[in-house]
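# Observations on chain architecture
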Amino acid sequence: MPLTLIITEGVLPKSRHQATIARLSEAFLQLHGLAGNQFFTPNVIGHISELPAGSTYAGMNPAQVAIVEWLTPSFAFPTREIQQAYVAQATDILFEACDGKQPRANIWVNLKYAVDGMWGIGGKAYTNAELGEAAAKG
């Protein structure tokens, strides 16, 4: 499950990049009951896309941004409770990691779903059902 953290340069200290990705990923796994799952845990991947200062906007004006963006199978974040909990936790994680310098109003969380059957891991295209079976074994 790829996680992309899109931030304006200077929003998040570089020394906190890895820990922030780890905390965002752990929250995802915990809310889905997959913490420690031997199949899913190594397949939660992430990267940070740090954009130059002055190149990010909010409300059509220059602004520092922090965007948590997931690409997941369509069965992820299945309930409103999980959606709300993750958005709140992710916002808190980033706010704390930025020492409160990034306004909560400029922290966004969004989600994209992959087409069923096009989740490739290690050369195999998994369907949602196959992912569920792999998770159950893990």
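This text follows the structure it describes.
## Re the pairing of strand 6 (residues 107-113)
Bridge count for strand 5 (residues 66-72) against strand 6 is seven bridges, and the pairing is parallel. Bridge pairing in strand 6 links V68 to V109.

## Some points on helix 2 (residues 80-97)
Across its 18 residues, helix 2 extends 26 Å between first and last C-alpha, which sits within 8% of the 26 Å expected from 1.5 Å per residue. I82, Y86, A90, T91, I93, L94 and A97 are the residues of helix 2 that are buried. The arc that holds the buried residues of helix 2, viewed along the axis, is 160 degrees, so those residues lie on one side. In helix 2, those exposed residues whose orientation departs by more than 90 degrees from the buried face are R80 and E81. The inward-facing, buried residues of helix 2 contact strand 1 (2-8), helix 1 (17-31), strand 5 and strand 6. Positive backbone phi, at 55 degrees, marks D99, one or two positions downstream of helix 2.

## A short note on the side chain of T8
Tracing the sequence through the fold places T8 in strand 1. Polar side-chain contacts of T8 include one of 2.8 Å to the backbone nitrogen of V65. Residues in contact with T8, not counting those within four places in the same chain, are E50, L51, P52, A53, T56, A63, Q64 and V65.

Rules of the game
- Residues numbered from 1 in each chain as written.
- Predicted model: local features only at pLDDT ≥ 70, side-chain atom pairs only at ≥ 80, totals over all residues.
- Heavy atoms only, no water.
- Pairing = 2+ DSSP bridges.
- Helix = DSSP H or I, 4+ residues; strand = E, 2+ residues; numbered from the N terminus.
- Expected span 1.5 Å × (residues − 1).
- Buried < 20%, exposed > 50% of the residue type's maximum accessible area, 1.4 Å probe, protein only.
- Arc of directions from axis to C-beta.
- Contact = heavy atoms within 4.5 Å.
- Polar contact = N/O pair within 3.5 Å; in protein donor to acceptor, adjacent residues only side chain to side chain.

Read these as layout, nothing more, since geometry by itself doesn't imply function.
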